[in-house]
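The primary structure of each chain is shown beneath.
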Amino acid sequence: MNQDQSSYTTLLRHMPQGYVEFKVIYDDTSEPIDYEFHEVNPSFEKIMKMKRDHFIGARVTEMLKDFEYSEREWLVQVARVVSDGGTVTFEHFSRRNKAWFEMSVFSERPGYVTTTFHDITRHVQENNALKQLVNVSHRFVSTGRDLLINQHFLDQIRDFTGAKAVSLNLMDEDGDHYTTVALSGVDEMIERSLDILGFHPVGKKWPITAERRKLYEQNNPLQFETLDPLIDGVLPKRLVRNLMRIFSFGEIVLFKIEKDGIFYGDLTIVMEKDKPANRLGLVELYLVHVLEQLTKADHQVGETKQSMFEGFATVDLECILSLETRSVLHLSKSWERILGFTLEDLENMDIRELVHPDDVEKTEASFRALKRHGEQFRFVNRYRTVDGEYRSIEWHSKVQGNYIYAVAKDVTDRIQLEEKLAERDRLLTKLSDQVPGAIYQFELLPDATFNFPFFSRGLEELLGITSEEIMADADVVFSQIHPEDFPRVMRSIEKSYSELTIWDAEFRVYTRDGRLVWILGSSRPEKIADHHVLWHGYIGDITEKKKYEKEIEYLSYHDQLTGVKNRRYFEETLSEFDEERHFPLSLIVIDINGLKLTNDAFGHLIGDELLVKAASILKQELRVKDQVARIGGDEFVILSPDTTLEEAKQISDRLSRLFTQQTVEGLPISASFGEAVKEDFTLSLTDVFNLAEDRMYHHKVSEKQSRRHHSIQLIMRTLYEKIPREEAHSQRVANYSGMLAEAMGFTGSEVNEIRTAAILHDIGKVAISNEILDKSGPLTDAEWREIKRHPEISYNILSTVPEYMSLSEIVLAHHERWDGKGYPKGLSDYEIPLASRMIAIADTFDVMVTGRPYRQAKSLEEALQLIQNESGGQFDPALVEIFFKKVVPTIDLAKTD
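Because the structure is predicted, anything quoted here is derived from the model rather than measured. (Residues numbered from 1 in each chain as written. Predicted model: local features only at pLDDT ≥ 70, side-chain atom pairs only at ≥ 80, totals over all residues. Heavy atoms only, no water.)

**Description of the packing of aromatic side chains**
Quick note on the threshold: Geometry of aromatic contacts follows a simple scheme: Phe, Tyr and Trp rings, the Trp one being its six-membered ring, pair when their centres are within 6.5 Å, and the pair is stacked under 30 degrees between planes, edge-to-face over 60, tilted otherwise. Each helix corresponds to a stretch of at least 4 residues labelled H or I by DSSP, and each strand to a stretch of at least 2 residues labelled E; elements are numbered beginning at the N terminus. Geometrically, a lysine NZ or arginine CZ counts as sitting over a ring once it is within 6 Å of the ring centre and also within 35 degrees of the ring normal.
In the structure shown here, the tally under the stated rule is 26 aromatic pairs. Considering the side-chain rings of Y497 and W535, the 6.4 Å spacing of their centres and the 35° angle between planes classify their relative orientation as tilted. Taken together, the positions of Y497 in helix α19 (residues 486-499) and W535 in strand β21 (residues 532-541) put the pair 38 residues apart, joining distant regions of the chain. One aromatic cluster in this structure is built from F22, Y35, F37, F44, F55, F101 and F117. Above the plane of the ring of Y112 lies R109, whose end atom (NZ or CZ) is 3.8 Å from the centre.

Right, dumping it as structure tokens:
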């Protein structure tokens, strides 16, 4: 291995990002259909919590079988790189790992693609928390309370008090709730508290309990040993105790924010256990300063500002410049504090030299605009400090004669926060654009108009409408709702608007390309002002979900095999028919005869075919108003409204005739019917059903005996048609067995029973395929196993008829051996029924002298010698001796052909 390769391998092994190289699997058309893990690094093993050997050589589709659907999203990106080349970078949330990853997909060599995984979970969590803070700030900035939600304010309080956490709560307009608008604490602690609480406290609205109102009547500061008096049942006590214990919380200090009878909220300081709070007096002074600013801001609301300086009473960056030369004529002393230069230095230099190089051009443009218009507000540029750093200054300027009078304030913290928020907004936009479906805000204004202040790209993709169209006219979104769903959707929006409840709806929309798509929408309303509501929500495409729901609904009410309704449907629908308008209501209970016999003789596939044919006849022949359901393995029921008992019996007769005209493996379909009718409310539907079922069972029992005998005869006839040689073989085996029985002195009835058993001994072969029975070459092991099933099949068929029960035991054992090596049970000597031992000799002898497709016939002498050789092995030696002495001399082979 060369040095470059070694360095590359070392880099992969130690890099903190997960690394995977896939080999692309192509189909016959050179399209990628799967990806095989070729190489992974230790970081990927750690992410997936599985070892390398678990991945290498495995295909992605195999590895992802049990993963959440969202785990498969990155496969789409892989396919894009394979087809288009280049590099794709995207962010993806893994439900399996409960983490966010930044993923890059690229190809380093033909036939392979590489994916890197970078865990950005903490970054996203911070972004989400910040976004919540920004949403809250927007509400308060508009009322002049921006100081109260300054995060740096809380951080400073936490620093000089030594607190573990500080929260700021502001009173809501309704006076019954307060909202946590900012929170300062150790990042790790906040993240763990989120796991315990299950929500982020910032933006959380809490009820003001009676106990908390009493606390507010006390003087500042309020001090407690636990959170319980503040929570007062809003959170479970167990949860509060866990927070106190896990984070070692100690003393709680609460400062009310109140002035001139107006209660604004509170500042809550949480100390570490056994650690006293520092500088509480300084906190109180800090709050007095904040309240002064808040009061000034409140006084200014709704008033007309008389001059450009109003609202800047606390701003002490003052400046006077020459309009023509732009030289500094006067600066207030506070500039020294902001920039670090002395006033003497500042007033003797061209202050434009301190402007950030990137801001020079816009600063010059600002001077030109000021000269043209006479005043300028909220212009921001950056100035270098004595330490070489830059501070952002916001200017409010006005021209008076040949001078520029200006006031300014240091907005560095605000600008940095705005930049950070802008970056977070860009990230959020990027993330929201990657989310399946669409995130949006929908606004209903006091004038009854509406718009979408925000929506992600998914809304455009979902509906096929451009963002320009949506911004120009929000009604274009509603115009694509299916006409049948439109009224319901509008009613649901109106309900959410009037009651301020969460809006949830499922509805159909037409896309621009003509497709009909099912949409799921959900949003939470926020009251902005009277008759002004803003919804924050999500919509997604649930077309596939609806398709599956429809399939599931169909399966839940239909029998999967036959396609008719099932028992659940019958039971749930029965009450719907129990109405006078359906009387007389007839119930016909149908039991398909011989299903078990068919299953045993021909297998369950043929049994299923029998049920399918029967159900098909029912569906074709019943009237539109009738309902049919399969309520058991072989039982159906028909609901026939407005049908008399006589008409129901006519339906049964017609169906019975149609059944017998259809055959399965040569057997006609047979069924037993029972009818009952509900004329009024005297009988319950359950009683009517039970009566119909009783009549069906009565018919079934009365026909049972003759039907079963007939079925056995039909199966034997089917066997002979299927394998013509079996008829002659069965007859010869019966003759040999009868001769042996007579030679042993059996009575006439016993001889007849043995002959009957011999006739039926191979009835089970009806279920064995002709490909095996007629195969001329040697049979495989699997084919021999299939052949050996026929005694058990014969037993199953015959045991359905009580009169044949004893014969079924004989037939079951006719391939057992005297030495115990036979089948199916491995019985030996006298465990084998005597009649079975006799038929075994007769059966083997006939097969040898007549042959089989897979075995050539033997001469009489060869056959007898083999039977003699198996005396005491395959055959009962005593029976072999009688067979040779009394039966063989009477055999005329010429008559057996």
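**Some thoughts on the pattern of salt bridges**
Defined as follows: We define a salt bridge as a side-chain nitrogen of Lys or Arg found within 4 Å of a carboxyl oxygen belonging to Asp or Glu. Accessible area is worked out with a 1.4 Å probe on protein chains only. A residue is then buried under 20% of its type maximum, exposed over 50%, and partly exposed in between.
Across all of its chains, the model carries 43 salt bridges by this definition. One salt bridge connects E726 with K765, and the closest N-O pair in it is separated by 3.5 Å. Pair noted here: E726 is in helix α26 (residues 725-743) and K765 is in the loop between α27 (748-760) and α28 (770-773), with a separation of 39 residues, a long-range link. Note on accessibility: E726 and K765 belong to one class, buried. Its salt-bridge partner being E786, residue R789 comes within 2.7 Å of it at the nearest N-O pair. The class of E786 is partly exposed, set by a relative accessible area of 24%. By sharing partners, the salt bridges in this structure join R378, E394, K409 and R414 into a single network.

**Considerations on unusual backbone geometry**
For the bond from F583 to P584, the omega torsion is -5°, close enough to zero to count as cis. Following the sequence through the fold, P584 ends up in the loop between α21 (567-577) and β23 (585-592). Residues Y823 and P824 are joined by a peptide bond in cis, for which omega reads 15°. A positive phi is found at A448, a non-glycine position, where the angle reads about 75°. Mapped onto the elements, A448 comes out in the loop between β17 (438-444) and β18 (450-455). Positive phi, close to 30°, is recorded for D829, a residue that is not glycine. Relative to the helices and strands, D829 resides in the loop between α31 (805-812) and α32 (834-850). With a relative accessible area of 30%, D829 lands in the partly exposed category.

**A closer look at the sheet that holds strand β4 (residues 99-109)**
Where we set the bar: Being paired, for any two strands, means DSSP has found at least two bridges between them. Here an axis means a line fitted to C-alpha atoms, over the contact stretch when the element is a helix, while the angle between two N-to-C directions is reported on a 0 to 180 degree scale.
Reading across the sheet, the 5 strands line up as β2-β1-β5-β4-β3 and stay open at both edges, with antiparallel pairing between neighbours. Each of the sheet's edge strands pairs with one partner strand only, and the pair in question is β2 (32-40) and β3 (88-94). On average, each strand axis in the sheet is tilted by 30° relative to the strand beside it, whichever way the strands run. Taken together, the 7 bridges between β4 and strand β5 (residues 112-119) define a ladder with antiparallel strand orientation.

**Concerning the sheet that holds strand β19 (residues 503-510)**
So the rule is basically this: Two residues qualify as a contact provided that any one of their heavy atoms is within 4.5 Å of a heavy atom in the partner residue.
Read from one edge to the other, the open sheet built from 5 strands follows the order β18-β17-β21-β20-β19, with strand pairing classed as antiparallel. The open sheet has two edge strands, β18 and β19, and neither has a second partner. Averaged over neighbouring strand pairs, the angle between their axes works out to 30° when direction is ignored. Of the strands in this sheet, β17, β19, β20 (516-529) and β21 touch α19, which is tilted by about 155° from β19. The sheet contacts of helix α20 (residues 543-557) involve β19, β20 and β21, and relative to β20 the element is tilted by about 115°.

**Remarks on the packing of α32 against helix α33 (residues 860-869)**
The condition that has to hold: For any pair of crossing helices, the crossing counts as left-handed if the nearer helix is rotated counterclockwise from the farther one by less than a right angle, and right-handed if it is rotated clockwise. Amino acid classes used here: Ala, Val, Leu, Ile, Met, Phe, Trp, Tyr, Cys and Pro are nonpolar; Asp, Glu, Lys and Arg are charged; the rest, including Gly, are polar.
With their axes 9 Å apart at the nearest point, α32 and α33 run at an angle of 145° to one another. In the crossing of α32 with α33, the sense of the turn from one axis to the other is right-handed. Within the contact between the two elements, α32 uses I841, F845, M848 and V849 and α33 uses L860, A863, L864, L866 and I867. When grouped by side-chain class, the residues that make up the contact of α32 with α33 number 9 nonpolar, no polar and no charged.

**Details of the pairing of strand β25 (residues 635-640)**
Side chains on a regular strand alternate between the two faces of the sheet. Taking burial as the measure, the 6 residues of β25 include 6 buried ones, the bulk of the element. Taking every second residue as pointing to the same face, both faces of β25 are buried, with E635, V637 and L639 on one and F636, I638 and S640 on the other. Taken together, the 6 bridges between β23 and β25 define a ladder with antiparallel strand orientation. Residue pairing for β25: I588 is matched across the bridge by I638. Of the strand pairs in this sheet, strand β24 (residues 627-630) and β25 are connected by 4 bridges, and their pairing is antiparallel. Bridged to R630 within β25 is F636. From the end of β24 to the start of β25, which pair antiparallel, there are 4 residues.

**Examining a nonpolar patch on the surface**
Rules: Patches here: salt-bridge-free residues with over 30% relative accessible area, like charges joined within 9 Å, nonpolar side chains (Val, Leu, Ile, Met, Phe, Trp, Tyr) joined within 5 Å. Per-residue accessibility takes into account occlusion by the displayed protein chains alone, with areas from the Shrake-Rupley method and a 1.4 Å probe.
On the surface, a cluster of nonpolar side chains totalling about 280 Å² of accessible area is made up of L329, Y403 and Y405. Position of Y405 among the secondary structure elements: in strand β16 (residues 403-410). Judged by its relative accessible area of 32%, Y405 is partly exposed.

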